[in-house]
Structures are given as structure tokens and as C-alpha cells.
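# Coordinate inspection notes
One letter stands for each residue in the lines below.
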Amino acid sequence: MKVLKFGGTSVANPENIHKVKAIVAKPDSEKIAVVVSAFGGVTDLLLETSQLASLQNLSYKESLAQIEDRHISAIKELIPIQGQSGVLSKVKSDLNVLETLLEGAYLIGELTPKLSDKIVSYGELLSSFIISEFFKSEGLDAVFKDSRELIKTDAHYGKANVDFEATNALCNTFFASDNHQIMVLPGFVSSSKSGDSTTLGRGGSDYTAAIIAAAQHVQLLEIWTDVSGMYTANPKLVKQAKCVEHISYEEAMELSHFGAKVLYPPTIQPVLGKEIPIAIKNTFDPENPGTLIAKNNNGHGKTVRGISHVGNISLLSLEGPGMVGIPGISKRFFETLSLKNISIVLITQASSEHSICVGIADNDAEMAAEAVNDTFAYEIASKKIKPVIVEKDLTIIALVGDNMKSHQGLSGKMFSTLGKNNVNIRAIAQGASERNISAVIKKEDVKKALNSLHEAFFEENIKQLNLFVMGVGNVGSKFLDQIRQQKKYLKDEMKLNVRVIGISNSRTMAFDENGISLKDWDTVLAQGEKADRTLFFDRVKSLNFRNSVFVDNTASSEVSKTYADYLRNSISVVTCNKIACSSDFDFYKNLKQLSKQYSAPFLFETNVGAGLPIIDTLKHLIASGDKVKKIQAVLSGSLNFVFNTFDDSVTFHDVVKQAQEQGYTEPDPTIDLSGIDVMRKILILARESGHQLNIEDIENEAFLPKESLETNSNEAFFESLKKYEDHFQKLYKDAAESGCKLKYVAQFEDGKAKVGLQKIPKGHDFYNLEGSDNIVLFFTERYPNQPLIIKGAGAGADVTASGIFADIIRIGNF
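Residues numbered from 1 in each chain as written. Predicted model: local features only at pLDDT ≥ 70, side-chain atom pairs only at ≥ 80, totals over all residues. Heavy atoms only, no water.

### Things to note about the overall build of the protein chain
Across its full length, the protein chain holds 31 helices and 30 strands. Relative to the 2.2 N^0.38 estimate, which gives 28 Å for 814 residues, the radius of gyration of the protein chain is 36 Å and therefore markedly larger than a compact globule would have. C-alpha atoms of the protein chain, sized along the principal axes, occupy 115 × 70 × 55 Å. Residue burial in the protein chain is summarised as follows: out of 814 residues, 53% are buried. Carbon and sulfur atoms make up 48% of the accessible area of the protein chain, which totals about 35,000 Å². The distance from the centre of the 88 positive side-chain charges to the centre of the 100 negative ones in the protein chain is 3 Å. (Helix = DSSP H or I, 4+ residues; strand = E, 2+ residues; numbered from the N terminus. Rg over C-alpha atoms; globule rule 2.2 N^0.38 Å. Buried < 20%, exposed > 50% of the residue type's maximum accessible area, 1.4 Å probe, protein only. Areas by Shrake-Rupley, 256 points an atom, 1.4 Å probe, with all protein chains shown as cover. Lys, Arg positive; Asp, Glu negative; His and termini not counted. Charge placed at Lys NZ, Arg CZ, Asp CG, Glu CD.)

### What to know about the packing of aromatic side chains
Inspection of the entire model under this criterion finds 25 aromatic pairs. Ring centres of Phe646 and Tyr732 lie 6.0 Å apart, and the angle between their planes is 70°; this geometry places the pair in the edge-to-face category. Of the two residues, Phe646 sits in the loop between helix H24 (637-645) and helix H25 (652-661) while Tyr732 sits in helix H30 (residues 725-737), which places them 86 residues apart along the sequence. Accessibility expressed as a relative area gives 25% for Tyr732, which makes it partly exposed. Ring pairing ties together the aromatic residues Phe468, Phe511, Phe536, Phe537, Phe550, Tyr563, Tyr566, Phe602 and Phe604, which thus form one cluster. A cation over an aromatic ring shows up here: Lys630 above the ring of Phe779, its NZ or CZ 4.8 Å from the ring centre. Stacked on the ring of Tyr767, the Lys or Arg Lys741 has its end atom at 4.7 Å from the ring centre. (Phe/Tyr/Trp six-rings, centres within 6.5 Å; stacked < 30°, edge-to-face > 60°. Lys NZ or Arg CZ within 6 Å of the ring centre and 35° of its normal.)

### Some thoughts on the environment of Ile425
Relative to the helices and strands, Ile425 resides in strand S16 (residues 425-430). Through-space distance from the C-alpha of Ile425 to that of Ile151 is 43 Å; in sequence the pair is 274 residues apart. Not counting residues within four places of it along the chain, the set of residues in contact with Ile425 comprises Phe415, Leu418, Ala439, Val440 and Ile441. (Contact = heavy atoms within 4.5 Å.)

### Considerations on a negative patch on the surface
Together, Glu68, Asp69, Glu99 and Glu103 make up a region of like negative charge exposed at the surface. Elements represented by at least two residues in the negative patch include exactly helix H3 (60-78) and helix H4 (84-108). (Patch = residues over 30% accessible without salt bridge, like charges linked within 9 Å, V, L, I, M, F, W, Y side chains within 5 Å. Salt bridge = Lys/Arg side-chain N within 4 Å of Asp/Glu carboxyl O.)

### Quick look at the sheet that holds strand S27 (residues 740-749)
Taken in spatial order, the six strands of this open sheet run S26-S28-S27-S25-S29-S30, and their pairing is mixed. The open sheet has two edge strands, strand S26 (698-701) and strand S30 (788-793), and neither has a second partner. The average angle at which neighbouring strand axes cross in this sheet is 20°, direction not considered. Across four bridges, S26 lies against strand S28 (residues 752-761) in parallel orientation. Residue pairing in the sheet places Asn700 in a bridge with Val755 of S28. Across the sheet, helix H23 (residues 614-623) lies against strand S25 (628-634), strand S29 (773-780) and S30, angled at about 10° from S29, the strand it touches most. (Pairing = 2+ DSSP bridges. Axes fitted to C-alpha atoms, helices over the stretch in contact; angles between N-to-C directions.)

### Some details on H24
Buried residues dominate H24, accounting for seven of its nine residues. For H24, the complete set of buried residues consists of Gly637, Ser638, Leu639, Asn640, Phe641, Val642 and Phe643.

### Considerations on the packing of helix H2 (residues 42-54) against H4
Remark: H2 packs on H4, axes separated minimally by 7 Å, with the N-to-C direction vectors making an angle of 40°. Classed by the angle they form, the pair H2 and H4 counts as oblique. In the packing of H2 onto H4, the handedness of the crossing is right-handed. In this structure, H2 contributes Leu46, Thr49, Ser50, Ala53 and Ser54 to the contact, and H4 contributes Leu98, Leu102, Ala105 and Tyr106. (Parallel < 35°, antiparallel > 145°, perpendicular 65-115°, else oblique. Left-handed = near helix turned anticlockwise from the far one by under 90°.)

### Overview of helix H15 (residues 446-458)
Compared with the 18 Å implied by 1.5 Å per residue over 13 residues, the 17 Å span of H15 between its first and last C-alpha is a close match. In terms of residue burial, H15 counts as a mostly covered element, since eleven of its 13 residues are buried. Check the buried side of H15 and you find it contacts strand S12 (306-319), strand S15 (389-400), helix H14 (410-420), strand S17 (436-442) and strand S18 (463-470). Just beyond H15, the residue with positive phi is Glu460, at close to 50°. (Expected span 1.5 Å × (residues − 1).)

### What to know about the sheet that holds S12
Judged by pairing direction, the sheet is antiparallel, and its six strands sit side by side in the order S13-S14-S12-S15-S17-S16 without closing on themselves. The two strands at the open ends of the sheet, each matched to only one other strand, are strand S13 (344-349) and S16. Averaged over neighbouring strand pairs, the angle between their axes works out to 30° when direction is ignored. Bridging between S15 and S17 involves seven bridges; their strand directions are antiparallel. The residue of S17 that forms the bridge with Ile396 is Val440. Here helix H11 (residues 329-339) sits on the sheet and contacts S12, S13 and strand S14 (355-361); the angle it forms with S14, its principal contact strand, is near 15°.

### Describing unusual backbone geometry
In this structure, Lys383 takes a positive phi of about 65° despite not being glycine. Examined against the element boundaries, Lys383 turns out to sit in the loop between helix H13 (377-381) and S15. The exposure class assigned to Lys383 is exposed, which follows from its relative accessible area of 71%. Positive phi, close to 45°, is recorded for Asn547, a residue that is not glycine. Within the fold, Asn547 resides in the loop between helix H18 (533-543) and strand S22 (548-552).

### Considerations on the nonpolar core
The biggest cluster of nonpolar side chains holds 76 residues, and the ones touching the most others in it are Phe652, Ile682 and Phe703. Looking at which element gives the most residues to this core, the answer is helix H27 (residues 676-688), with seven residues. Beyond its immediate chain neighbours, meaning those up to four positions away, Ile682 contacts Ile631, Leu635, Ile698, Ala746, Gln747, Phe748, Ala753 and Val755. Ile32, Val42, Val91 and Phe129 belong to the second-largest nonpolar core, a separate cluster that totals 51 residues. (Core = buried A, V, L, I, M, F, W, Y, C linked by side-chain atoms within 4.5 Å.)

### Observations concerning the layout of surface pockets
The space that makes up the second largest pocket amounts to roughly 930 Å³. What lines the second largest pocket is a set of 43 residues, and nearest its centre among them are Val475, Asn553, Thr554, Ala555 and Glu666. Counting only elements with at least two residues in the lining of the second largest pocket, the list comes to helix H16 (474-493), H24, helix H26 (670-673), H27 and helix H31 (797-812). Across the lining of the second largest pocket, the residue classes break down as 14 nonpolar, 21 polar and eight charged. (1 Å grid on protein atoms, 1.4 Å probe; cavity = no way out; pocket = protein on both sides within 12 Å on 5 of 7 lines; lining within 4 Å. Points joined across faces, edges and corners; volume = space filled by probe spheres on them. Nonpolar A, V, L, I, M, F, W, Y, C, P; charged D, E, K, R; others polar.)

### So, the packing of helix H5 (residues 113-120) against helix H6 (residues 122-137)
Their axes nearest at 5 Å, the elements H5 and H6 cross at an angle of 20°. Judged by the inter-axis angle, H5 sits roughly parallel to H6. Together, Lys118, Ile119 and Val120 of H5 and Tyr122, Gly123 and Glu124 of H6 make up the contact between the two elements.

### Some thoughts on the side chain of Thr225
Along the chain, the position of Thr225 falls in strand S8 (residues 221-225). There is a polar contact of 3.2 Å between the side chain of Thr225 and the side chain of Asp226. The residues contacting Thr225, other than those within four sequence positions of it, are Thr9, Ser10, Val262, Ile280, Lys281, Asn282, Thr283 and Phe284. (Polar contact = N/O pair within 3.5 Å; in protein donor to acceptor, adjacent residues only side chain to side chain.)

### Regarding the side chain of Asp117
Along the chain, the position of Asp117 falls in helix H5. A relative accessible area of 3% places Asp117 in the buried class. Look past the residues within four positions of Asp117 in its chain and what remains in contact with it is Tyr157, Gly158, Ser197, Thr198 and Thr199.

### What to know about the pattern of salt bridges
Summed over all chains, the structure comprises 34 salt bridges. With a shortest N-O distance of 3.0 Å, Lys136 and Glu133 are connected by a salt bridge. Remark: Glu133 and Lys136 occur in helix H6; sequence separation between them is three residues, near one turn of the helix. The class for Lys136 is partly exposed, based on a relative accessible area of 38%. Residue Lys723 pairs with Glu707 through a salt bridge whose shortest N-O separation is 3.0 Å.

Below, the structure written as C-alpha cells:
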């Protein structure tokens, strides 16, 4: 004999019921017991309707009409018209009884557990009868059997306890005597010894199937649902979740207890003792092998088999000095909750005996707190114990696996993964079997926590980075193009899955939780909502993705002021914007401290030298114990381009205009030519060397006339350059006559920094610096005479974008 159970989604509508029939009708010599749930959503509708009736709200009649329409419509679609009469008559008769029960709840203004069980049982009773009649109409040898006649329980309404001795005897008698090929039974429903309807608890249809399977000693119990087995995590929350092909009974029980909704937790108990395997199959993909639950087979070498969670949890904490060393406190605490029929999901107690903490359902929290406070009223009044502390809106996440006990470091890996992603843990518990490790976290952190843990334990070390990019001009657009081009390489070779979730320019912003397509990001952005820095941050924070990175490709001081907000929320920051790191020292220092405190990298390699590894090299020198004595550098690719191009055959105005048009200067070229940009860069290098310096401490030997520096528009600036052409030609002539080249040099030595135009003689490291290249000379204790030299392209959108890209990869390897 075979036992197949079909859930609510599998029988949600006539189309799905046809799929069920195709599975059941496959040629087979064995008898088949088909256990079905109520039509999808009907159980909830029955509960809602009964609640409305008990509140004496007449709108319960509208809900009842919906229930009636669902079932009558199903009959008319499933059964040929000539066979409908008898089926409709029986179903309408049952619906009339249901209406009478609801009228009773309405008249007395109360819904007792006994009455509730009678009402809610009609979901399965109606669906199973209709499906059995449909099978008959399709030529199948089928019969309906009311499970209440087979499964006997006590009178604990709502979640009755099965009398297995009586139930097994009744099942054996019926299945031995009935000769039909297919027997359709309602799940979930049962009856007490006195004959009253009882139910087996939500999800109890699985339990019904398991009870019958165990009673008949079948070879396999098949649970047909809307997913292809049990997954490593909830696939609705973790898109990379994978089906687990084989899993032990114990692992399945742990996962289902902690929220894996594929299986009702008590289902496994009846078949466990008889070692009957359970197959979890997909009604909508019947050829998929799904998951086989069987006796422990050492997990096929896997340690963690799944990550699950259960939501709507409250933590109830009892603490106080009067608990230490006092016998009976725990007994009284747990007894109080037991007397109120409150189920405890998680327990943790400090070894000092100073506190006990339990996890319970949110909707039990107030009643539990009141009851415990009453029990310990004397101790609370005498200040020996504090009133109960209740924390709501929490979730339990759990790692599950039979082989976890034989592997070291799993707890550390779990908690460090959560910590790196700013997921705060409120409580921790581990079973004595070491089959699961549980942690209580905030409800809003669930998705991030599950994805972070799944990435750490199941995704072949592929790390997902979620980018939020502000600024998509020259540098930003090149950066997005580079990500698009390298996406496959990063995933295959570096195990990094880089996604752009949000983008913004000064006009619009756009978000896509699944990742913005980088082939047409500009179109997506153009159709986005109005840009707003505050709303952008709020969206990044509310999405709460793991490994989130804010990328600033702007030159905005206002954007730089938001970095602290990102870092405080464990969101990494990568920026080519020099303003933050060259602003007030205390602001810079605070950002560095926030980065350490919240384990959120703050990287700004492109602040100096675009894509050159200048800051990274400096950091490694300092980290290895070296000390910087002097820094000499040409740090402006823009100014180097200008003075490498300028001579007596071209005007200074035309050279600067060319530099601006080719993207070597900022949109406002005075930022480059005034020396402020170079001042910021040498300031950053001095700070990264360990010195406390502000921009005002740097000496600037300006080469621009005062009038040029004081212009307030690009047009006025360029006009001033024409006016002072003779001044610029004289600078060139003086250098040329002495066999030198003009270079704008930054220097830091003995705690002091300065910038200015210098005449560089032949033989100097700076003399042959071409185009827009940068060069830095680090004189340190280890490099006292021959400096460590870094040289290369120091300006341009491509190299700056590649520098930002390099910082993203550094975070990926963090």
C-alpha cells in the first residue's frame, strides 16, 4: 500500500486537482491512500469566519458565501454535469450544517475550542469528498473515507493527542477490508472517544498521512507540496537555496520545528520508530526527485544541512539576585508557563543562575508576562527579582545538521558571519545533541542573516556584494561598465558575485532588489524616482542586505557627510571623493573609528593617484612597522598634463581647456589649478602616515594670479587665463632656460606639508614624468636613501574607476 498526502496548494483549484489526479492515476498494483488538505486558503477563511461570528459581526455571512462558492464552483468545473446532482446535494447539506454552527457562535458570542474544531474540520471534509467524487467521474476506482472514523484522540481540542492503539486497530481493519484501489481521506481531522470532531493542529494533514503510513507499515510516505523538497533555506528569502536530496529524520524534525514549512513537525514521529522514509515531492514538477527523509546516513559528509527560522517570537527574561542558588525558581517559572498552555520554543540560562530567558510566540507574550509576574509577586515586591522583561518582534534562526557535533568552529563561523553583517544576537541556544545552533535576532534582520549564513555554509565560498552607487558621470559610468565586463570573471575566478542594487545621480535614483541590469542601467535610472540623499540612505538601510557597499563617485561635500550613517549600519563605504578624508581631522578620525567599530571597511584608494596603489602601499608599510620620514610627490594628473603640454607654442588657456574637455580636471578646474586638490591628497597621505594635520596647516605656493583664483564661474576663470598669458609664459621660459621642467610638487617632512610649482632639473625622478602620470616617493626608515617609488597614470575616468573597482574587490576579500 502507498500513502500520498497533497497539501493546500496542491488542491487549491480545479487545475491543480487535475495534476493530483495525474499523479494518483499512474498504473500501480498497490492500493493508494490519498490524504488531502482543505482547498488552499479555506482553513484560514474558516477560522476568520468563525472569529467574525463569535464577535457577532454579520460580515461572517460574506465569508461563508465565499467558502460555499469555492466548493460549488470546484464541483461544477471538476465533475461532468450528469454526475453533479448527488455531489452538490451532499456538499450543500454539509454547508448547511456549517452555517448552523456559525450561527451558534454568532448567537452565543463565543467560539469554544470544541466548536472551533467542528467548524474548521469542514475544510478537509469538503475537499476530500469532492476530490473522491472527481476521481470516480474520471474512471478511477476511488472511495471517500472519513478520517474521523479511523483516527481517535483525546478531547484536547485544537491539537488533540492521538490514541495510537485504537487508531492503529481501526486503520488495520478498514484498509484490510476495503477493496478500492484509491481511498481519499481528509487530513487534519479526527474524533474523540465520544465521537466529537477534533483536529491535529495546523499542518495536521501531514500528521494524518504519517499515522496511516505507520499503521499500515508502508514502504514510503509521499508528501506532495508546492516545492521540490526541503531546501537549505527558505527559497523565498534565499534565492540561492538548494534542495537537500537526503536528510535524516532528526534533521528534518529540527528544520521543521524551526520554521521549514514543507513539513509539519509531528509528522515524523509515527514513521520514525518504524523507519519508514518520507519523500517530499512537488505536485507541479512530479519528476523532480525532491527530498528523501530517512534514517541517519551521516549526511553524505555534510556538516550543516539547512538553515531555518521561526518568526513572531518574543523573549521573556526573568532575572535578579534573588534567583542565585535558590532551588525551585526554574520549576516555578516553567510550571507557570505550562499551566497557561504556553509553548516554549527556546531556553537559555546564565551559568550564574542570575537569569532565565525563554522564547515564546509573540501572541503569548503578554499573558506569559502577567502570569510570571503574579507567580513571583513576592520576590518582585521585595526587589529580589525584577519584573519580567519582554522583547517582541524577534526571530529564531537555526543551523541544523547531524554531523555538526564532530566539526569544530561552526559556532564561531556562524556568529562571526552575523557580526560582520551587523546582525545583533539577543540569545543563543544549542541542543545537547549538538544537532542545531540557534540564535535570536531582530525580525528585520532575518533576510540578511539567512543569506549571509547560506553564503558562508553552502555557496562554495561565493561572496555576494551588494552595491549602492551614487554618481554615474564620467567615473561612475566607467565603473559600472567595468563591473558588467568583469562580472563573470569575478564569480568564476574570485568567487565574488557583485550586484548593483541602487544607483543615483543628482536628478533620479533607482533600486532593484534582484540587481539592476548593467546593460541598460541608464534607462532604468532615467525612469527612476526623484533623487534624495536621505531617502537613498533610508532605502539602503531598509533593504538590509548583507555585504552592502555604498560607492560615492561624486565630488559632493553633502554626500561625504552621509558616510558616518552608512558605517554605523555596517555598510561599507568606497569613495573617490576626497572631501571626507581631507576635512576636519576629527571628522576623518571618527569615520576611521566607525569603520573599525562596525566592521565596515572605509576605503578611499582613489583619493590619491586614481587607480595607483598608493594608499594601500602606505598602509602596508605602516602595518609592517615601518615609519615614513618624507613624502615627495606629483599628485595631480591634471596639473602634470597641463605642464607637460604647455610650452611657448600654445596658450595656457588652451591647454587647461583641453585638460577639462578630456576629463583630466574637475568640472571646476580651479579645484585642480589652485592646488587645493593636491593639498587634500598630501593631507590624506600625511594622515594615513599617522600624523594629525588639517588643510590649514599646509603651505600653498600658488602659481595662479589672485584674480584667477577669485573668479566665480568657469567662464570668468578662462577669461582670466587669457589675460595673464604673459605670466604663464614667463614661468615656462624661466624653467626652460635653466634646463628644467615645471611640476606641481607636494611634500611632507617633519610633520609639515607644502605644495607648489617647482622647476625640476634633469636626472630627478620627476623630470621625465609624462602625460597625466603621478609619482610618489616614500622615504622611510627602511627606504632612507633610495625611496619606494609608485608611478603611473594618476588621472582619467578609466583608471579612477579601476581604483574604485579594486577597493570593491578588497572588501570582497575582507
